[in-house]
Structure formats: C-alpha cells, structure tokens
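Survey of secondary and tertiary structure
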Amino acid sequence: MARNSDYDMCKEERKRESFFKVLQRVDFSSENLRALPYDFVRSFSNNELSGKMKIKARWGSSWEVEICKNPRFYFMEKSGWVKFVRDNALGDNEFLTFTHKGKMRFTVNIFKQDGKEMLQPPQSMASMASSRRRRTKTEQGISYLATTITAESNGGENYTRKLNFEKKKAAESQNSKRTEKVFSVRRDSAGASSSSVAEFTTFIKKSYLIFMRIPKSVQSIHMPMQRTIFKIHLPNMKKSWNVVYLVADRGASFSGGWKRLAQEYPVAVGDTCKFSFIKQHELILFVSKP
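Residues numbered from 1 in each chain as written. Predicted model: local features only at pLDDT ≥ 70, side-chain atom pairs only at ≥ 80, totals over all residues. Heavy atoms only, no water.

- With an unreviewed UniProt entry as reference, the protein chain is termed Transcriptional factor B3 family protein, source organism Arabidopsis lyrata subsp. lyrata.
- Looking at the Subcellular location (unreviewed entry) heading of the UniProt record, one finds this comment for the protein chain: "Nucleus". (UniProt positions renumbered as here; feature names shortened; annotations may be inferred.)

Quick notes on unusual backbone geometry
- Note the cis peptide between Tyr 265 and Pro 266, where omega equals -5°.
- Relative to the assigned elements, Pro 266 resides in the loop between helix H8 (258–264) and strand S12 (272–279).
- A positive phi angle, near 50°, is found at Ala 89, a position not held by glycine.
- One can find Ala 89 in the loop between helix H4 (78–87) and strand S5 (94–102).
- Of note in this structure, Met 104 is not a glycine but carries a positive phi near 60°.
- Counting through the fold element by element, Met 104 comes out in the loop between S5 and strand S6 (105–111).
- Exposure remark for Met 104: the relative accessible area of 6% places this residue in the buried category. (Helix = DSSP H or I, 4+ residues; strand = E, 2+ residues; numbered from the N terminus. Buried < 20%, exposed > 50% of the residue type's maximum accessible area, 1.4 Å probe, protein only.)

As for the layout of surface pockets
- Taken as a whole, the second largest pocket holds about 590 Å³ of empty space.
- Lining the second largest pocket are 26 residues, with Asp 92, Gln 226, Arg 227, Leu 246 and Val 247 sitting closest to its centre.
- Mapped onto the lining of the second largest pocket, the elements with two or more residues apiece are strand S10 (240–248) and strand S11 (251–254).
- Per-element tally for the lining of the second largest pocket: the top contributor is S10, with three residues.
- Broken down by class, the residue content of the lining of the second largest pocket amounts to ten nonpolar, nine polar and seven charged.
- Each of domain 1 (7–118) and domain 2 (199–288) contributes no fewer than three residues to the lining of the second largest pocket. (1 Å grid on protein atoms, 1.4 Å probe; cavity = no way out; pocket = protein on both sides within 12 Å on 5 of 7 lines; lining within 4 Å. Points joined across faces, edges and corners; volume = space filled by probe spheres on them. Nonpolar A, V, L, I, M, F, W, Y, C, P; charged D, E, K, R; others polar. Domains from an automatic or database assignment.)

The following block contains the structure:
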C-alpha cells in the first residue's frame, strides 16, 4: 500500500521541537510576544541560544533574527522580528508555528484569521521583488549599451556622457511620477489639505480608539490596495508605531497597533487627527484637542 506523503511529513514534524505565536491586535513587537517558551529553549545549549535563528517561510524567503536574553526569558531581537512581521504584512490575529529543523533553522507556517495557510508572499512583497528585477535588467542593458558605444565610437567619451545623462534624466522622471502618485494634492470630503504634502484629517469618535476608519476618498487616492504595515510618527519624530492597514469589503482601517498608539500618544474622543505623508507607507500624526 502506498504511504500518504502528507501524513508521513506530519508525523516527522511532530518529532521536532516547535512553538507557536498568535499575532493579536496588540503591539506585535512587545518583548513578551517575542519571548521563546521556557520548555522549548531548555533543549538548546547556551552556545546555540547566543547566536541567531533563521526563519524560513513556505515560499523560500528567510529572515535571520538574533536571540537575546533578559533576567526572565530568552526572546527574539526586535529589529529582526519586526522586519519578518512587516515583510509578511502580519498583525491581524494570524497563527504562526515555528518548527526547528536543526542548527537553529526554523520553518514558519502562517495561518490567517480565516484558517487558511499562507503559501505565497503578500502581493506587495512579490511586486516589489518583480520591480527590482525589472530595474536591474534595465540598468544592465543601459550599462552594456554605454560600453558598446564607447568601444566602437571615436567620440566614445561624449556618447557615454550623453547616455549617462539620459539615464539620470529617465530615473528622475520615474521617481517624480512615483512621488506625484503618492503625494498627489487633492482636497476631499475627509478634509485633506490643499498643500505640497498629501494629508487627511479625521475626527475621533469612541470606536476609532480601537479601529480607525480611513475615509473612502482617502483610500482611493492615497492608500494601497492590500494589507500593509504603516509607520506613524510623532511630529518630533522621537517615537513611532507600526500600525496594520487593513482593506475589507466594508472599507479600510488602521487596526493592529492603532489601539496602542491611541493610548500612548494619547488620542482621545473628540480629538482631531491630521495625518501627513512623508513616505509611501509613513505618516506623521498631528493631534488637536477640542
């Protein structure tokens, strides 16, 4: 009788050390959330726990995260953990399992709130990789063309200088278009200001202290079409929060991390919040009290 390969793989996985995390709608970068279970770390040597752990997703992407220790427990270092969370647009009650494969190498299985497992990277991550590949091929083609012109022309230096100028001009034009798309200037029903920086204003009511709705006019003009991690700064840039931006049929909102921001900023019922873009996924928050 042929053996079921999935069943065999499941049995093999059960023999390996593993632990799980649930990324609830709280601060997913907290030290407690990043903690490694006590019974789990007991099976590792001090030498292993003084290095890094390598986390690999089902689709092949991997992240290295340092292991740190406080007087109470071992935990995953913040910057590496946050990069893993941000790259995969997590923070909406996902269930994650980490299975040790040996030599501090772990496979991670990510299950969404609806129970389905993520088998491929988020759309934004895949599109960024595709964009980088296209840009690299274009630059390689231009570089080769410049070399050919230099070698075959008596006035090669002039040709190369002109070509480099055209390359720089094209890059500036592309960057300008991308910037205009993100920071386009429009006044909408949400109170977006007519200035050189894209911004929008929202009046805070009680429910907005947990989930802050994004006006549809702002969503259609300035916001991404898929779940994304936004970084929101204080006006003095001395503190920032990572907040999950969710898109659903009923509308878009700031979700995971927003409640913590509201408590620490603080934001209260009746306040007016003005968000100003500084990058595509970065905002400065100005709060006006009534």
